[in-house]
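Residues per chain, in single letters:
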Amino acid sequence: MKELLERKQGFHRTILIADDEFIEREMLGAMLCDEYDLIYAEDGSTALDMIQERAGMIALVLLDLHMPKLDGYAVLKAIRSDSEMRRIPVIVLTAETEAEVRSLHLGAADFISKPYNMPDVVKARVGHAIELAENSVIIHETERDSLTSLFKRDFFFEYGKMLDIQNRHMPMDAIVLDINRFRIVNELYGKQFGDLILKRLGNSLHELVRYTGGLACRSGSNTFYLYLPHSNDISGDLVRYTTKINEYLDDRKITVRIGVYSDDGSPIDMEHRFDRAELACRKLRGNYSTEYVLYNAELHSRELHSERLINDIDKALSEKQFKVYYQPKYNITGEKPLLVSAEALVRWVHPEFGMIPPGEFISLFENNGLIQLLDRYVWSEAAAQIRKWSDKYGVTLPVSVNVSRVDIFDPQLSEILSSIASACGLSPHTLLLEITESAYTDDSQQIIDTVSALRSKGFRIEMDDFGCGYSSLNMLTELPLDALKLDMNFIKNIEKDHKAYRLVGIMIEIARMLEVPVIAEGVETKGQMELLHKIGCDIIQGYYFSKPLPPDEFEKLFEKTD
Ligand code: C2E
Ligand code: CA
Ligand code: CA
């Protein structure tokens, strides 16, 4: 690019004149030497060698068709079929009209008729061909992703829409393709290897689109979009594509997941088709055995349901349809279990759908940032509740609230939490903040900074779902935190599976090393409770003690301890 710009600013461009007739070379040379640097070849094979050697610096080739060793047609063909050389425009020099047509078909930019009796025409055609070619290179570079040479997202949609307008009746399928666990691939094998994988995938998609028609783009770091003419056998095609793509990626078991919206004649626009393909693709997250999912009626009704929930959130917040439940946490290190805190867990009592568990809407709201509104609501409700109980029972029970990934990237987070606490006259240490382990590994430095800021204000941090992410021991020692909360999947089998039990033991040892207490959640049975007590778990939360309860029921627990 830089080279191109320099050339544009008055540097002399280089033109190769390939002609076996001395007199013809001289005539052209005389017309062009003031404005261009000229190099010469006397036969086709020398010309091709020169182009290959200096592909980056030749701005134009003037090519005679009849030359010894290799004729002009063969040279032209070789240039057009090479990805490096093909950007160089070629003007064919000929005296035969028929040859002009044929060479244009072979990809020549233009032709100049022999004999050259109008120098101005020659100069104009030369200048024009160079300018066109250079502009198209610049356009190519702005429209394309530099790593894969596929379209960038915006241009992809722009061209896609043009395609739709030009071929109004041509059905088009939208395909979204994601590399599974790409972040881990990068972390394990390095960014360079990750880039290589992206390039390979880019190449295979180029090839695919060349074969099927349509467009391809790199839409996100490891997400690719394909907009292809509709296929009646999309399942069969996908099996073939994935086999081919996986061949390309064969290294270290890297696989892709694919979501498809297959055109069924509904009049929806391109962007919406891709939303649907994305939805289908998301269904495969964490599932590495299935390779593709087609958008279908079930997904459609889920989509409508999700849209409905998104539409309803404002009203639900203002009408307080969200109810915060509290699940007690007991300290089990002493003789008798002691109520030490509670976790605030939200439910939605929807006027039409009834009680909706958080599993149905949390991740939906996480995808579009609405979770921040809901989280703030829950934090405020929880703070108000701590205040109420404190006033009523004379004990200030700390409550933990969930903090989403999105919240952590909000620069105002600690101010918001501080003002929520102080509005209820609470000190920050009564609000425990649960942050999931996997958020820690997303962008560890940012999280470390945010969490450190929160702790310095007095908030306490619990790492939620510990064991599910993949923090290294090394990283753990650097993380600012006040408690580890084991993921409930580890607790599930400790009674039956000795290995699971040992694993929990190891995690407890890690917590000891970090000098923080351990919380086990999802504890359902007496047996689990006793085993956890035996290996030194400090705090327990789970159905064994109590389900999450609405505040008025939770209060009975206070009364019990009295
Ligand atoms: P989590 O933070 O891991 O919460 C623990 C989940 O385990 C809760 O599910 C709780 O009801 C459930 N649970 C507790 N004890 C047991 C048990 O003994 N056995 C079993 N099988 N389950 C138990 P819930 O309330 O459905 O919440 C699910 C998830 O939704 C939570 O997982 C949390 O990630 C999210 N969530 C809930 N409320 C909020 C919120 O206000 N904000 C955010 N950002 N996320 C929330
Ligand atoms: Ca939690
Ligand atoms: Ca959890």
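Residues numbered from 1 in each chain as written. Chains lettered and ligands numbered in written order. Predicted model: local features only at pLDDT ≥ 70, side-chain atom pairs only at ≥ 80, totals over all residues. Heavy atoms only, no water.

1. Some points on the domain arrangement of the chain
Line of reasoning, step 1. By the assigned domains, the chain splits into domain 1 (2-143), domain 2 (151-295) and domain 3 (326-554).
Line of reasoning, step 2. Look at where the C-alpha atoms of domain 1 and domain 2 centre, and you get two points 38 Å apart. (Domains from an automatic or database assignment.)

2. Here's the deal with the site of ligand 1
Line of reasoning, step 1. In the region of ligand 1, 22 residues are neighbours, and Arg 347, Asp 375, Met 488, Glu 524 and Tyr 543 sit closest.
Line of reasoning, step 2. In the model, an oxygen atom of ligand 1 is placed 3.2 Å from a nitrogen or oxygen of the Asn 402 side chain.
Line of reasoning, step 3. Between an oxygen atom of ligand 1 and a side-chain N or O atom of Asp 464, the distance comes to 3.2 Å.
Line of reasoning, step 4. Protein contacts shield 81% of the accessible area of ligand 1, which totals 790 Å² for the unbound molecule. (Near = heavy atom within 4 Å. Polar contact = N/O pair within 3.5 Å; in protein donor to acceptor, adjacent residues only side chain to side chain. Areas by Shrake-Rupley, 256 points an atom, 1.4 Å probe, with all protein chains shown as cover.)

3. Regarding the pattern of salt bridges
Line of reasoning, step 1. Within this structure, the stated rule accounts for 32 salt bridges.
Line of reasoning, step 2. Residue Asp 237 is joined to Arg 240 by a salt bridge in which the shortest nitrogen-to-oxygen separation is 2.7 Å. Placement of the pair is Asp 237 and Arg 240 together in helix α10 (residues 234-249), with a separation of three residues, close to one helical turn.
Line of reasoning, step 3. Judged by relative accessible area, which is 14%, Asp 237 ranks as buried.
Line of reasoning, step 4. Here the salt bridges do not stand alone but share partners, grouping Lys 329, Glu 343, Glu 434, Glu 462, Lys 485 and Glu 521 into one network. (Salt bridge = Lys/Arg side-chain N within 4 Å of Asp/Glu carboxyl O. Helix = DSSP H or I, 4+ residues; strand = E, 2+ residues; numbered from the N terminus. Buried < 20%, exposed > 50% of the residue type's maximum accessible area, 1.4 Å probe, protein only.)

4. Some thoughts on the coordination of the calcium ion (ligand 2)
Line of reasoning, step 1. Every protein donor of the calcium ion (ligand 2) is listed here as Glu 343 (OE), Asn 402 (OD1), Glu 434 (OE) and Asp 464 (OD), and their distances to the metal cover 2.1 to 2.4 Å.
Line of reasoning, step 2. All donors of the calcium ion (ligand 2) belong to a single chain; written as a sequence motif, their spacing is E-x58-N-x31-E-x29-D.
Line of reasoning, step 3. Distance-wise, the calcium ion (ligand 3) is placed 4.1 Å from the calcium ion (ligand 2), both being coordinated by Asp 464. Here the residue Asn 402 occupies a position in strand β15 (residues 399-403), and Glu 434 occupies one in strand β16 (residues 431-436), the gap between them amounting to 32 residues.
Line of reasoning, step 4. Judged by its relative accessible area of 1%, Glu 434 is buried. (Donors = N, O, S within 2.8 Å, 3.2 Å for Na, K, Ca; no water.)

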